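Spelled out, the chains give:
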Amino acid sequence: MKTSIADITLKLNKTIKTTVQSIKGIVSLPSGNIALSDYTHSHGEVMIFGSDGVKLSKVIVNNANSFDITYIDDRTLAATSPLHKHKGVCIIDIKEKKISKFIPTNYQCYGIKHLDGSLYVCAMSEWNFKINPQDGSTTAIVISDLPSWSCIDIFDNKMFFTNDGTKSVTCCDMDGKTVWIFKDETILKCPRGLAVDNSGNVYVACRELNRVVVISLIDNKTDIFCLKMKDWKVLVRFISTEKANSLLIANYNQTIFIYGVEN
């Protein structure tokens, strides 16, 4: 039986100061390193940091940008580009430190998640769609008037995505059928990054209220927990390993916070 999220315990294990001006995407690599996307530059950058906070490498995203990022394999990441002239997804070779492929789309791309060989992307004003990175073909999944900044995660054959326009979080199945929608402006305003843990708890960054909101659904009842942050503006990603769960939280002041999670 699923336990209440009120039982979640968070412990700050590490704080990493970076030089990344505007962190939009963050992902943990199997090596223990952390990849960040920097959206401040006209060309975009993806940087790799060690677990000790040392910057190991940098990939310049020429002719596009790097909003959100996702892990594909040990040498490959994917980054979204919402630039009007270069809308699409960049496939990044982190070993060679270069863009190995650019997949153009008709839509401005924001949140992205890789699963089973496909890329799932939030597209502004259109829908959530799936990309085959081999041939660039796309398949629409959720028809929705999404704003910019929408982020996505996938867990247990369900997709979770934020909508800054409606100030909501939606859970749907992989065919796009809505399972639930959470909307409560007293708790969650300006939802941005989100991630899901091994128990299906959804962690959502609330920029305006300066908190991380944890959402769970037990017996069709919404369970809510709020983690207030000391630093203004947050972006959240949850990572899981065989030994421990970790919550990665990045703020807009070039800092990453790594929390241990128990539930």
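Everything discussed here concerns the structure shown above.
Conventions used here
- Note on numbering: residues in each chain are counted from 1, in written sequence order.
- Given that this is a predicted model, residues contribute local features only at a pLDDT of at least 70 and side-chain atom pairs are listed and counted only at 80 or more, while totals for whole chains, interfaces and linings are drawn from all residues.
- To get the side-chain values, take all heavy atoms of the structure and skip hydrogens and water.
- Any Phe, Tyr or Trp ring, taking Trp's six-membered ring, that has another such ring centre within 6.5 Å forms a pair; planes under 30 degrees apart are called stacked, those over 60 apart edge-to-face, and the others tilted.
- Runs of H or I in DSSP of at least four residues are treated as helices and runs of E of at least two as strands, each being numbered from the N terminus.
- Throughout this description, buried means an accessible area under 20% of the type-specific maximum (1.4 Å probe, protein chains only), exposed means over 50%, and partly exposed covers the range between.
- Definition used: whenever NZ (Lys) or CZ (Arg) falls within 6 Å of the ring centre and also within 35 degrees of the ring normal, the charge is taken to sit over that ring.
- Take a side-chain nitrogen of Lys or Arg and a carboxyl oxygen of Asp or Glu: if they are within 4 Å of each other, that pair is a salt bridge.
- Working rule for contacts: check all heavy atoms of both residues, and any pair within 4.5 Å makes them a contact.
- Polar contact criterion, stated in full: a pair of N or O atoms within 3.5 Å, where within protein one must be able to donate a hydrogen and the other to accept it, and residues adjacent in sequence count only if both atoms are side-chain atoms.
- Should DSSP find at least two bridges between two strands, the strands are regarded as paired.
- To get an axis, a line is fitted to the C-alpha atoms, and for a helix only the part in contact is used. The angle between two axes follows their N-to-C directions and goes from 0 to 180 degrees.
- Lining residues are defined by having an atom within 4 Å of a point belonging to a cavity or pocket. Those points lie on a 1 Å grid over the protein atoms alone, cavities being sets where a 1.4 Å probe fits but cannot get out and pockets being open sets with protein on both sides within 12 Å along at least five of seven lines.
- Grid points are joined across faces, edges and corners, and a volume is the space filled by probe spheres set on the points.
- In this classification, Asp, Glu, Lys and Arg are treated as charged, Ala, Val, Leu, Ile, Met, Phe, Trp, Tyr, Cys and Pro as nonpolar, and every other residue, Gly included, as polar.

### Observations concerning the packing of aromatic side chains
So, step 1. Within this structure, the stated rule accounts for five aromatic pairs.
So, step 2. Their ring planes at 55° and their centres at 6.1 Å tell us that Phe-160 and Trp-180 sit as a pair that is tilted. Pair noted here: Phe-160 is in strand β15 (residues 158–163) and Trp-180 is in strand β17 (residues 178–182), with a separation of 20 residues, a long-range link. Comparing Phe-160 with Trp-180, the two get one shared label, buried.
So, step 3. Every member of this aromatic cluster is reached through a ring pair, and the members are Tyr-39, Phe-67, Tyr-110 and Trp-149.
So, step 4. If you follow Arg-192 out to its NZ or CZ, it ends over the ring of Trp-149, 3.9 Å from the centre.

### Details of the pattern of salt bridges
So, step 1. Here the structure, examined in full by the defined rule, presents seven salt bridges.
So, step 2. Linking Asp-93 and Arg-75 is a salt bridge whose minimum nitrogen-to-oxygen distance equals 3.0 Å. Remark: Arg-75 occurs in the loop between β6 (69–73) and β7 (76–82) and Asp-93 occurs in strand β8 (residues 87–93); sequence separation between them is 18 residues.
So, step 3. The salt bridge involving Arg-75 is made with Glu-96; its shortest N-O contact spans 3.7 Å. One end of the pair, Arg-75, is in the loop between β6 and β7; the other, Glu-96, is in the loop between β8 and β9 (98–104), with 21 residues separating them in the sequence.
So, step 4. The network of salt bridges with common partners includes Arg-75, Asp-93 and Glu-96.

### A closer look at the environment of Lys-101
So, step 1. Residue placement: Lys-101 occurs in strand β9.
So, step 2. By relative accessible area, which is 30% here, Lys-101 ends up partly exposed.
So, step 3. A sequence separation of 33 residues divides Lys-101 from Gln-134, and the C-alpha atoms of the two residues are 9.7 Å apart.
So, step 4. With residues near it in sequence (within four places) discarded, Lys-101 still touches Val-89, Cys-90, Ile-91, Pro-133, Gln-134 and Asp-135.
So, step 5. A polar atom in the side chain of Lys-101 sits 2.7 Å from the backbone oxygen of Pro-133.
So, step 6. Only 2.7 Å separates the side chain of Lys-101 from the backbone oxygen of Gln-134, close enough to count as a polar contact.

### A look at the sheet that holds β6
So, step 1. Here we have four strands laid out as an open sheet, ordered β6-β7-β8-β9, and antiparallel in their pairing. Both outer strands of the open sheet, β6 and β9, are each paired with one neighbouring strand and no more. Pairs of neighbouring strands in the sheet enclose a mean axial angle of 25°, with direction left out of account.
So, step 2. Examined bridge by bridge, β7 and β8 share seven bridges and lie antiparallel to one another. Opposite Thr-76, over in β8, you have Asp-93 as the bridge partner.

### So, the pairing of strand β16 (residues 168–173)
So, step 1. Summarising burial for β16: five of the six residues are buried, a large majority.
So, step 2. Two strands pair when backbone bridges link them, and β15 and β16 are joined in this way by six bridges, in the antiparallel orientation. Bridge pairing in β16 links Met-159 to Cys-172.
So, step 3. Counted along the chain from β15 to the antiparallel partner β16, the turn is four residues long, and its residue Lys-167 has a positive phi close to 55°.
So, step 4. Once β16 ends, the chain turns through four residues before running back antiparallel as β17, passing Gly-176 with a positive phi of about 95°.

### Some words on empty space enclosed by the protein
So, step 1. This model, assessed by the stated rule, comprises one cavity of 30 Å³ or more.
So, step 2. Put simply, the largest cavity is a space of about 30 Å³.
So, step 3. For the lining of the largest cavity, the secondary structure elements donating two or more residues are β2 (23–28) and β18 (191–196).
So, step 4. Partitioning the lining of the largest cavity into residue classes produces six nonpolar, one polar and two charged.

### Re the pairing of β7
So, step 1. Of all seven residues that make up β7, seven are buried, and the element is covered over most of its length.
So, step 2. Burial along β7 is two-sided: the residues Thr-76, Ala-78, Thr-80 and Pro-82 and Leu-77, Ala-79 and Ser-81 are all buried.
So, step 3. Direction of pairing for β6 relative to β7: antiparallel, over a ladder of four bridges. Residue pairing across strands places Tyr-71 opposite Leu-77, the latter belonging to β7.
So, step 4. From the end of β7 to the start of β8, which pair antiparallel, there are four residues.

Limitation: the analysis is restricted to geometry and does not speak to function.
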